[in-house]
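Examining the three-dimensional arrangement
So the chains spell out like this:
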Amino acid sequence: MATVELLFSAQPEHVRTARLVAAAVARRAGVDEAVLDEVRLAVGEACSRAVGLHRSNGVTTPVRVVLTEEEKSFSIAVGDEVPGAGVAAADAVGVPGSRDAAPAEDFDDADGEDEMGLAVIRGLVDDVEVSAGEEGGTIRMSWPANPDAPLA
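Described below are features of the structure shown in this document. (Residues numbered from 1 in each chain as written. Predicted model: local features only at pLDDT ≥ 70, side-chain atom pairs only at ≥ 80, totals over all residues. Heavy atoms only, no water.)

**Concerning the overall build of the protein**
If you tally the helices and strands in the protein, you get four helices and five strands. The helix and strand sequence of the protein, counted from the amino end, reads β-α-α-β-β-α-α-β-β. Within the span of the protein, comprising 152 residues, buried residues form 42% of the whole. Across the protein, contacts joining residues at least 24 apart in sequence account for 69% of those joining residues at least 6 apart. Counting only carbon and sulfur atoms, one obtains 49% of the accessible surface of the protein, whose full area is about 8000 Å². (Helix = DSSP H or I, 4+ residues; strand = E, 2+ residues; numbered from the N terminus. Buried < 20%, exposed > 50% of the residue type's maximum accessible area, 1.4 Å probe, protein only. Contact = heavy atoms within 4.5 Å. Areas by Shrake-Rupley, 256 points an atom, 1.4 Å probe, with all protein chains shown as cover.)

**Looking at the environment of Ile-139**
Residue position: Ile-139 is located in strand E5 (residues 136–144). For the pair Ile-139 and Ile-121, spaced 18 residues apart in sequence, the C-alpha separation works out to 9.3 Å. If we ignore the near neighbours within four places in the chain, the residues touching Ile-139 are Ala-46, Arg-49, Ile-76, Ala-77, Val-78, Leu-118, Ile-121, Val-128, Glu-129 and Val-130.

**Let's talk about the pattern of salt bridges**
Within the structure shown, the criterion is met by five salt bridges. For the salt bridge of Arg-64 with Glu-5, the shortest nitrogen-to-oxygen distance reads 2.0 Å. Of the two residues, Arg-64 is situated in strand E2 (residues 63–69) and Glu-5 in strand E1 (residues 2–8); the sequence distance between them amounts to 59 residues. Residue Arg-64 is classed as partly exposed on the basis of its relative accessible area of 35%. Judged by relative accessible area, which is 46%, Glu-5 ranks as partly exposed. With its nearest N and O atoms 2.7 Å apart, the salt bridge here joins Glu-69 to Arg-28. (Salt bridge = Lys/Arg side-chain N within 4 Å of Asp/Glu carboxyl O.)

Everything listed here is a matter of geometry and, on its own, says nothing about what the molecule does.
Pasting the structure below:
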C-alpha cells in the first residue's frame, strides 16, 4: 500500500496543486483515464471546503490530503481541523459518517455552501464517507483501480 500525504496552508491557490497531485497519483494507481476528471473535481471540492472551514473558523493548521493506493482501489482523504464542522451538511445529503459533534442548529448559513459542496462530491464519487468529530472532519473518497494497467 503506497501513500502520499500532502499538507498545505488554507489558501485557495493551493487547491489547484492538490487537484494536480491527486490526478497524477490516481493515474499512477491505475484509476481509469475516463474517471480522472471526476477525481480532480471531487478533490477540488473537498479541498475548497476544508480551506473555507479553516479560514472561516480561524484555524491556522494545514489542510491534510492523504492519497492511498491499495491493491484494487485508490482512496483520498481530505481532512480539516475544525471540530464538528460538516455534520449537519453530511446528514442533509445522506452521506454516511459519524455524528458525534454539534447539533444542526449550531450551524449558520455557511452550511448551505457546505451542503452544496458535499452534494457535488456525492454526485461525482460513488464511495464517499464523511466524518466529523472533536479533532475535525474528513471526507474519504475511493475509486476502483487497476495498478497493472499501462500508463498512458
